[in-house]
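One-letter residues, chain by chain:
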Amino acid sequence: MNIIPCSIKTLKGLYDISGVEVGQHFYWQIGGFQIHAQVLITSWVVITILLGSVVIAVRNPQTIPTDGQNFFEYVLEFIRDLSKTQIGEEYGPWVPFIGTMFLFIFVSNWSGALLPWKIIELPHGELAAPTNDINTTVALALLTSAAYFYAGLSKKGLSYFEKYIKPTPILLPINILEDFTKPLSLSFRLFGNILADELVVVVLVSLVPLVIPIPVMFLGLFTSGIQALIFATLAAAYIGESMEGHH
Amino acid sequence: MKNVTHSFVFLAHWPSAGSFGLNTDILATNLINLTVVVGVLIFFGKGVLKDLLDNRKQRILSTIRNSEELRRGTIEQLEKARIRLQKVELEADEYRMNGYSEIEREKANLINATSISLEQLEKSKNETLYFEKQRAMNQVRQRVFQQAVQGALGTLNSCLNTELHFRTIRANIGILGSLEWKR
């Protein structure tokens, strides 16, 4: 009877020393589902940042763009270029989707690396980038899957499914498997990279609190940006792939 | 099974720190490093971003200026073209008026000349007809005369024997004689 509280106390002491929390979540109970509330909160913050900055920037559009408008037009141009190179001529309707993916992931990643989330203490778990929770990345990857299925079906109709037996029907199982591996690889790549970035920073901070984590944080910023770019590029490439080859 | 789940949930909820709050531990919240990172990012990123955006702005400005100049040039050309069009239209009107009067005159002249030549032709036709008629009548007259002379010659040749000859001569002599006698 006495041993268990004692060991718990020891564990708690060890836990406080380590100061690294993994797999701790702040749960909300909504309609029988357990919701990771810290992800929702940070997602809302990210969405607020995006929408607010966009609204402020394009509130008063000029013919000759001023600073904020200029920056957002530059971002839009970048996204359009990306979509155009990946999707091809009919990239127009997909720019909003690709842009949403890229901007949300990018701002999420950078918010995790730049905003001092840990100032705010939750009852359980801690605030971090929304993309370091696998639910977010799986949701984004499944949206991408739905998008490229929709793109292919709306472009080619039922003959879209002919691509499964091309070039030979022998490849049918592999082609079907591809539809599962695409969202899987997308979600795990993003999740793993961001979680690893943040963990490395957290571990280094818990070991050496000053100066040493800074290079790793810059590496994290770089990787975060690259990951957002990769996710958007791959999503666009999948959409383009399912729309091409209509000879 | 339920027990296990319960204990699991219990473990998950184990560090029950309580409620929301502020973590004021500067080292644990990584504030200093974050400040440095954000500062460096702003320090270097600002210059790069400013260059990028200035370039973009300059490009947009030059594009707008170019298109303005093009527009002005085009408007000038349009004005010139419109003025020329007006001039040409005036000239065309003039030419048209001149051409109409010229054509009218030509038409009248032509009609006059044609009617004159028509009259002449009519006259010469009538003359020709008259002459043709005359010639035909002459020919008919000649033929009839010739036939009559030939008929007379034939009659003479066939009927003129000696007795008749003598009788004629005698009758003629008698006629001549009576003429002499009367005288």
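Placed above this text is the structure.
Residues numbered from 1 in each chain as written. Chains lettered and ligands numbered in written order. Predicted model: local features only at pLDDT ≥ 70, side-chain atom pairs only at ≥ 80, totals over all residues. Heavy atoms only, no water.

Trainee: Report on the overall build of chain A, specifying residues and quantitative values.
Mentor: The helix and strand inventory of chain A stands at seven helices and three strands. In chain A, the succession of helices and strands from N to C terminus is α-β-β-α-α-α-β-α-α-α. Burial analysis of chain A (247 residues in total) assigns 39% to the buried set. A sequence separation of at least 24 residues applies to 68% of the contacts in chain A between residues at least 6 apart. For chain A, the computed accessible surface area is about 13600 Å², with 72% contributed by carbon and sulfur atoms. (Helix = DSSP H or I, 4+ residues; strand = E, 2+ residues; numbered from the N terminus. Buried < 20%, exposed > 50% of the residue type's maximum accessible area, 1.4 Å probe, protein only. Contact = heavy atoms within 4.5 Å. Areas by Shrake-Rupley, 256 points an atom, 1.4 Å probe, with all protein chains shown as cover.)

Trainee: Please set out the side chain of B:Asn30 residue by residue, giving values where relevant.
Mentor: One can find B:Asn30 in the loop between strand S1 (21–22) and helix H2 (31–159). On the accessibility criterion, B:Asn30 (6% relative accessible area) is buried. Here B:Asn33 takes part through its side chain, which lies 2.8 Å from a polar atom of the side chain of B:Asn30. If we ignore the near neighbours within four places in the chain, the residues touching B:Asn30 are A:Val201, A:Val205, A:Pro209 and A:Met217. (Polar contact = N/O pair within 3.5 Å; in protein donor to acceptor, adjacent residues only side chain to side chain.)

Trainee: Let's hear about the interface of chain A and chain B: which residues, and what values?
Mentor: How big an interface is tends to be stated in terms of the accessible area lost upon association of its parts. In this complex, chain A contributes 38 residues to the contact, which on the side of chain B involves 34 residues. Its largest share of buried area at the contact with chain B, chain A owes to A:Ile119, A:Glu121 and A:Pro123, together 16% of the area lost on that side. Taken together, the links from chain A to chain B amount to three salt bridges. Residues B:Arg59 and A:Glu77 are paired through a salt bridge, measuring 4.0 Å at the closest nitrogen-oxygen approach. Here chain A and chain B share six residue pairs in polar contact (both at pLDDT 80 or more) between them. Elements that contribute at least two residues to the side of chain A that touches chain B include exactly helix H1 (3–18), helix H3 (67–87), helix H4 (95–114), strand S3 (120–121), helix H6 (172–207) and helix H7 (213–243) of chain A. The element that contributes the greatest number of residues to the side of chain A that touches chain B is H3(A), accounting for six residues. Residues of the side of chain A that touches chain B, tallied by class, amount to 28 nonpolar, four polar and six charged. Of the strand pairs in this sheet, S3(A) and S1(B) are connected by two bridges, and their pairing is antiparallel. Paired with A:Glu121 across the bridge in S1(B) is B:Gly21. (Buried area = accessible area lost by both parts, 1.4 Å probe. Salt bridge = Lys/Arg side-chain N within 4 Å of Asp/Glu carboxyl O. Nonpolar A, V, L, I, M, F, W, Y, C, P; charged D, E, K, R; others polar. Pairing = 2+ DSSP bridges.)

Trainee: Got a sec to walk through the packing of helix H5 (residues 134–156) of chain A against H6(A)? Specific residues and values, please.
Mentor: Residue and element names in this part refer to chain A. It is at 8 Å that the axes of H5 and H6 come closest, and there the two elements cross at 145°. Relative to H6, the crossing made by H5 is right-handed. Within the contact between the two elements, H5 uses Ile-134, Thr-137, Val-138, Leu-140, Ala-141, Leu-142, Thr-144, Ser-145, Tyr-148 and Phe-149 and H6 uses Asp-179, Lys-182, Pro-183, Leu-186, Ser-187, Phe-188, Leu-190 and Phe-191. Looking at side-chain class alone, the contact of H5 with H6 contains twelve nonpolar, four polar and two charged residues. (Axes fitted to C-alpha atoms, helices over the stretch in contact; angles between N-to-C directions. Left-handed = near helix turned anticlockwise from the far one by under 90°.)

Trainee: Please provide a residue-by-residue account of the packing of aromatic side chains, values included.
Mentor: Residues and elements named next belong to chain A. Under the definition given, this model contains 15 aromatic pairs over all chains. Seen in terms of ring centroids, Phe-26 and Trp-28 are 6.0 Å apart; in terms of plane orientation they differ by 70°. Their pairing is edge-to-face. In this structure Trp-28 comes out as partly exposed when scored by relative accessible area, which is 28%. With a centroid separation of 6.3 Å and an interplanar angle of 40°, the aromatic rings of Trp-28 and Trp-44 are classed as tilted. One end of the pair, Trp-28, is in strand S1 (residues 27–30); the other, Trp-44, is in helix H2 (residues 37–57), and 16 residues separate them in sequence. (Phe/Tyr/Trp six-rings, centres within 6.5 Å; stacked < 30°, edge-to-face > 60°.)

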